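Examination of the molecular architecture
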Amino acid sequence: MSKEELFNKVKAIIADQTGEDESKITLTTDIKKDLDADSLDIFEVMNEIEDQLDVKIEVEENLNTVGDLVDFVEQQLASPKGE
């Protein structure tokens, strides 16, 4: 999956979970501040990404922007399972 495809997938999940228009979500969008996402919204976004992309996201990861999240998921998909 290319980075653009991954971004589009993550963007669609975020838009679905937060009710935000996909066109307003960019790599620099801050999930909490710009999308006014609360902890439940963030939990649902992370859970949906885990389910759809088969990755594990730990709560303590420092993922503030959509770009942070895309980069993290990209790294998880690139690493062999079990690491």
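What comes next is a walk through the structure. Predicted model only: the values in this text are computed from it and were never measured.

1. Topic: the side chain of Lys11
Positionally, Lys11 belongs in helix α1 (residues 3-18). No salt bridge is formed by the buried Lys11, whose closest oppositely charged neighbour, Glu22, lies at an N-O distance of 4.6 Å. Beyond its immediate chain neighbours, meaning those up to four positions away, Lys11 contacts Glu22 and Ile25.

2. Focus on unusual backbone geometry
For Asp36, which is not a glycine, the phi torsion comes out positive at approximately 55°. The phi angle at Asp54 is positive, at roughly 55°, despite the residue not being glycine.

3. Some remarks on the pattern of salt bridges
Proximity of charged atoms lets side chains of opposite charge pair with each other. Enumeration according to the criterion identifies 3 salt bridges in this entry. One salt bridge connects Lys3 with Glu74, and the closest N-O pair in it is separated by 3.6 Å. Remark: Glu74 occurs in helix α3 (residues 66-78) and Lys3 occurs in helix α1; sequence separation between them is 71 residues. Overall, Lys3 belongs to the partly exposed group, its relative accessible area being 36%. Taking the relative accessible area as the measure of exposure, Glu74 reaches 31% and is therefore partly exposed. Salt bridges sharing partners connect three or more residues here, namely Lys3, Asp71 and Glu74.

4. Considerations on the nonpolar core
By size, the foremost hydrophobic cluster in this structure holds 23 residues, and its most contacted members are Val10, Ile14, Ile49, Ile57, Val66, Leu69 and Val73. Only α1, α2 (39-53) and α3 provide two or more residues apiece to this core. The leading source of residues in this core is α1, at 6 residues. Those residues in contact with Val73 that lie beyond four places of it in its chain are Leu6, Ile49, Leu53 and Val55.

5. Re α1
With 16 residues, α1 should cover 22 Å at 1.5 Å per step; its first-to-last C-alpha distance of 22 Å lies within 8% of that length. For α1, the full list of buried residues reads Leu6, Phe7, Val10, Lys11, Ile13, Ile14 and Ala15. Elements in contact with the buried residues of α1: α2 and α3. Just downstream of α1, Gly19 is the residue with a positive phi angle, here 80°.

Analysis parameters
Residues numbered from 1 in each chain as written. Predicted model: local features only at pLDDT ≥ 70, side-chain atom pairs only at ≥ 80, totals over all residues. Heavy atoms only, no water. Helix = DSSP H or I, 4+ residues; strand = E, 2+ residues; numbered from the N terminus. Buried < 20%, exposed > 50% of the residue type's maximum accessible area, 1.4 Å probe, protein only. Lys, Arg positive; Asp, Glu negative; His and termini not counted. Salt bridge = Lys/Arg side-chain N within 4 Å of Asp/Glu carboxyl O. Contact = heavy atoms within 4.5 Å. Core = buried A, V, L, I, M, F, W, Y, C linked by side-chain atoms within 4.5 Å. Expected span 1.5 Å × (residues − 1).

By themselves these figures say nothing about function.
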